Amino acid sequence: MSHEKQQWGSRLGVILAVAGSAVGLGNFLRFPGQAADNGGGAFMIPYFCALLFLGIPIGWAEWTMGRYGGRKGVHSAPAILGIVGRGGWARYLGLLGVLIPLGVSFYYVFIEAWCLSYAIEYAKALFGGDALGIAHSASLAAQTQASRDFFADTIGRSADGVLFANGISPIVWVFLLVFAVNLWLVYRGLSGGIETFCKWAMPAMAVCALCVLVRVLTLPDQSPEQTVANGLGYMWNPDFAKLADAKTWIAAAGQIFFSLSVGFGVIINYASYLKRKDDLVLSGLTASATNELFEVGFGGMITLTAAFVFLGLAGTTEAVAGGTFGLGFSTLPVVFAHMPAGNLFGALWFFMLFLAAITSSISMYQPTIAFIEESLGIARKQAIAFVAVLGLVGSGWCVWFSGGMTALGTIDDWVGTFFIVVLAAVQVIAFGWFFGIERGRKEAHEGAHIRIPGFMWFIIKYVAPLYLLVTIGRFCYETLPGWISGLGQNVVARNTVFLIVGVIALLATCVALGTKRWRAAGIDVDGAHPPDDERSERKPGR
């Protein structure tokens with residue numbers, strides 16, 4: 001292969017990079033709402049079941065496939081899955097492992113810019129004035145409306161192209177800055193850019209989260225009902241009746257997939273840069289545990305607890321109903337307006353969200369860069385330029401078509417939700433049924449200090465594929481027709497799907513070109529032979 005050699009500098013570095021990819025806005029904003037809406041503390045039963053029986057096993061399969069592909073000299077999901085799945089079916093479906101991180105980056109970098117913009121606004125308010133135009137002396141209703149209006153104006157929610165209607169909106173400049181920082185970090189390479197940044201950003205994120213958590217847990221009672229204890233109770237008191245609702249179990253599995261980046265295309269790429277004797281079992285488990293610390297330990301105690309203390313039961317329930325963006329960018333600013341030293345903690349909170357977002361977004365570009373680099377046979381700098389153009393077009397689409405967040409929502413629905421489950425199914429079927437459990441066990445345990453429990457292999461081969469196929473089938477029967485029908489009623493949504501199809505066509509062309517290149521270079525694209533380092537050990541006299 002002609003691509004430049006990339007590798008991790010340390011095991012800690014790859015663990016923090018994978019954890020950084022997983023830790024994002026969903027940990028702090030999506031998880032609390034999901035838990036509160038699905039039984040509170042009782043939600044943790046299906047949540048940890050999904051973690052144990054789906055997230056961790058499929059994650060281990062991805063780590064194993066990735067490192068095995070790296071030993072064969074490839075680093076992209078299409079090439080690796082073609083080898084593991086032993087054929088073109090897995091190679092072409094593997095392009096989802098490039099499409100998903102690239103497509104999600106189209107809107108995620110824009111959201112990242114929101115976080116940084118809010119952090120800047122709160123930092124400016126430390127020197128005087130009301131942050132986000134939310135007056136401390138105003139009524140709760142007026143503050144809530146002011147927060148909603150600021151959010152809508154900031155992101156251009158009122159109409160398409162409004163961010164360019166009266167000159168270029170400040171959020172566009174912030175977006176361009178964030179986009180450039182992402183590319184610069186990726187340009188510096190796996191070890192010098194992504195790993196180095198995550199080694200700094202992950203501890204900084206933890207410090208910010210800890211500061212905000214301590215502030216929330218020491219808030220004074222606002223009334224006999226609006227207390228920290230009752231806020232924690234709103235989040236964690238179990239409603240076991242919810243366990244009889246299939247929606248609760250589906251929501252828990254969806255949160256685990258969303259949170260751990262399973263089926264996202266990042267882990268399989270990151271793991272391909274591991275050395276043969278690196279412990280991928282412990283690394284995968286540690287990365288998952290780090291993600292859970294941020295999600296359950298921080299996200300589970302900060303967001304809704306603070307909202308409950310200042311907004312009460314009715315206000316918090318409304319915040320949960322408002323979804324991730326409503327909770328994070330409309331409700332929490334009102335909370336900070338009531339909190340002592342609220343501007344300081346608002347700045348820390350949104351800077352923490354920015355760090356969570358950027359450690360995720362830089363991981364989204366790397367799989368695409370690796371794929372373009374090895375499929376087209378071009379240098380890393382050229383591949384980065386190629387991806388920069390794709391990213392600017394896709395993100396620019398979301399910035400321009402900001403009205404009602406339709407473009408953003410459409411990409412999130414198709415690429416960031418549905419395709420993730422499809423890719424997870426492709427990966428676990430290729431691993432369990434084509435690569436083989438015994439072969440997978442041997443590869444996973446190479447250099448491992450702990451062993452994957454035997455029942456996990458049964459889950460990987462039978463339980464996970466069945467669950468994912470049933471989920472996909474149910475979605476196609478119950479939900480997909482409505483999605484397709486909706487496209488005929490919304491021009492922006494329909495054209496956004498055409499954009500996704502265009503990217504798929506481009507990636508499929510690259511897969512075809514790459515397959516020819518790989519075959520010509522003597523690479524075992526269909527996984528017919530063991531890696532060279534394994535075959536050399538079998539030679540007589542070795």
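Residues numbered from 1 in each chain as written. Predicted model: local features only at pLDDT ≥ 70, side-chain atom pairs only at ≥ 80, totals over all residues. Heavy atoms only, no water.

Caption draft 1: The overall build of the protein, seen in detail. The helix and strand inventory of the protein stands at 21 helices and 0 strands. The globule rule puts the C-alpha radius of gyration for 542 residues at 24 Å, and the 23 Å found for the protein is close to it. The principal-axis extent of the C-alpha atoms belonging to the protein is close to 80 × 50 × 45 Å. Put simply, the protein has 542 residues, and 59% of those count as buried. Residue pairs at least 24 apart in sequence account for 85% of intrachain contacts in the protein once pairs closer than 6 positions are excluded. Within the structure as shown, the protein displays about 20,100 Å² of accessible surface, and the carbon and sulfur contribution to it stands at 65%. Positive and negative charge centroids in the protein, built from 35 and 33 side chains respectively, lie 12 Å apart. (Helix = DSSP H or I, 4+ residues; strand = E, 2+ residues; numbered from the N terminus. Rg over C-alpha atoms; globule rule 2.2 N^0.38 Å. Buried < 20%, exposed > 50% of the residue type's maximum accessible area, 1.4 Å probe, protein only. Contact = heavy atoms within 4.5 Å. Areas by Shrake-Rupley, 256 points an atom, 1.4 Å probe, with all protein chains shown as cover. Lys, Arg positive; Asp, Glu negative; His and termini not counted. Charge placed at Lys NZ, Arg CZ, Asp CG, Glu CD.)

Caption draft 2: Structural context of helix H11 (residues 246–260). Helix length check: H11, at 15 residues, gives a terminal C-alpha distance of 22 Å against a target of 21 Å (1.5 Å per residue), a fit within 8%. Listed as buried for H11 are Thr 248, Ala 251, Ala 252, Ala 253, Gln 255, Ile 256, Phe 257, Ser 259 and Leu 260. At the exit of H11 stands Ser 261, carrying a positive phi of roughly 65°. (Expected span 1.5 Å × (residues − 1).)

Caption draft 3: Region of the structure containing the pattern of salt bridges. Tallied over the entire structure, the rule returns 11 salt bridges. With its nearest N and O atoms 3.7 Å apart, the salt bridge here joins Arg 276 to Glu 446. Of this pair, Arg 276 sits in the loop between helix H12 (267–271) and helix H13 (280–321) while Glu 446 sits in the loop between helix H17 (406–444) and helix H18 (454–478); the two residues are 170 residues apart in sequence, bridging distant segments of the chain. Each member of the pair, Arg 276 as well as Glu 446, is classed as buried. (Salt bridge = Lys/Arg side-chain N within 4 Å of Asp/Glu carboxyl O.)

Caption draft 4: Focus on the packing of aromatic side chains. Tallying each qualifying case throughout the model produces 40 aromatic pairs. On the numbers, 6.4 Å between centres and 85° between planes, the contact of Trp 414 with Phe 418 is edge-to-face. Taken together, the positions of Trp 414 and Phe 418, both in helix H17 and 4 residues apart, correspond to about one turn of that helix. Given the relative accessible area of 13%, Phe 418 is considered buried. Note that Lys 461 overlies the ring of Trp 433, its terminal NZ or CZ placed 4.6 Å from the centroid. (Phe/Tyr/Trp six-rings, centres within 6.5 Å; stacked < 30°, edge-to-face > 60°. Lys NZ or Arg CZ within 6 Å of the ring centre and 35° of its normal.)

Caption draft 5: Looking closely at helix H16 (residues 380–400). Taking 1.5 Å per residue, 21 residues should reach 30 Å; H16 reaches 29 Å between its end C-alpha atoms and fits that length. Listed as buried for H16 are Arg 380, Ala 383, Ile 384, Val 387, Ala 388, Leu 390, Gly 391, Gly 394, Ser 395, Cys 398 and Val 399. As for H16, its buried residues are in contact with helix H6 (96–125), helix H8 (170–187), helix H9 (190–217), helix H15 (342–376), H17 and helix H20 (491–520).

Caption draft 6: Structural context of the environment of Arg 188. Following the sequence through the fold, Arg 188 ends up in the loop between H8 and H9. Along the sequence, Arg 188 and Lys 381 sit 193 residues apart, while their C-alpha atoms lie 9.9 Å from each other. A polar contact is formed between the side chain of Arg 188 and the backbone oxygen of Gly 192, at a distance of 3.3 Å. (Polar contact = N/O pair within 3.5 Å; in protein donor to acceptor, adjacent residues only side chain to side chain.)

Caption draft 7: Molecular detail of a nonpolar patch on the surface. A surface patch of nonpolar side chains, about 680 Å² in accessible area, is lined by Trp 89, Leu 93, Trp 433, Phe 434, Phe 458, Tyr 462 and Val 463. If you list the elements that add at least two residues to the nonpolar patch, you get helix H5 (88–93), H17 and H18. The leading source of residues in the nonpolar patch is H18, at 3 residues. Considering the arrangement of structural elements, one finds Trp 89 in helix H5. Given a relative accessible area of 33%, Trp 89 falls into the partly exposed group. (Patch = residues over 30% accessible without salt bridge, like charges linked within 9 Å, V, L, I, M, F, W, Y side chains within 5 Å.)

Caption draft 8: Spatial organisation of the nonpolar core. One finds Phe 28, Trp 114 and Trp 349 to be the most contacted residues of the largest nonpolar core, which totals 195 residues. Of all the elements, H6 adds the most residues to this core, at 20 residues. For Phe 28, the residues in contact, after removing those within four places along its chain, are Val 23, Met 205, Phe 294, Phe 298, Gly 299, Thr 303, Trp 349, Met 352, Leu 353 and Ala 356. (Core = buried A, V, L, I, M, F, W, Y, C linked by side-chain atoms within 4.5 Å.)

Caption draft 9: Expanded view of the side chain of Arg 215. Residue placement: Arg 215 occurs in helix H9. Setting aside residues no more than four positions away along its own chain, Arg 215 makes contact with Pro 220, Met 339, Pro 340 and Phe 345.

Caption draft 10: Expanded view of unusual backbone geometry. Even without being glycine, Leu 132 reaches a positive phi, approximately 60°. On the basis of relative accessible area, Leu 132 is assigned to the buried category, the value being 4%. Even without being glycine, Ala 341 reaches a positive phi, approximately 55°. With respect to the helices and strands, Ala 341 occurs in the loop between helix H14 (323–338) and H15. Of the residues examined, Ala 341 reaches a relative accessible area of 46% and is grouped as partly exposed.

Caption draft 11: The arrangement of the side chain of Thr 305 in detail. Tracing the backbone through its elements, the reader meets Thr 305 in helix H13. Assessed through its relative accessible area of 0%, Thr 305 is described here as buried. Aside from chain neighbours lying at most four places away, what touches Thr 305 is Val 216, Val 228, Gly 231 and Leu 232.

Caption draft 12: Geometry of the state of the cysteines. Applying the stated criterion across every chain yields a total of 0 disulfides. Looking at Cys 115, it has no disulfide partner, and the nearest cysteine sulfur is the one in Cys 208, 13 Å off. A relative accessible area of 0% means that Cys 115 is categorised as buried. (Disulfide = S-S within 2.5 Å.)

Caption draft 13: Broad picture of the environment of Cys 198. Relative to the helices and strands, Cys 198 resides in helix H9. For Cys 198, a relative accessible area of 0% gives the class buried. Distance in space between the C-alpha atoms of Cys 198 and Ile 358 is 9.4 Å, their sequence separation being 160 residues. With near-sequence residues (within four places) excluded, Cys 198 lies in contact with Leu 16, Ala 17, Pro 203, Thr 359 and Ile 362.

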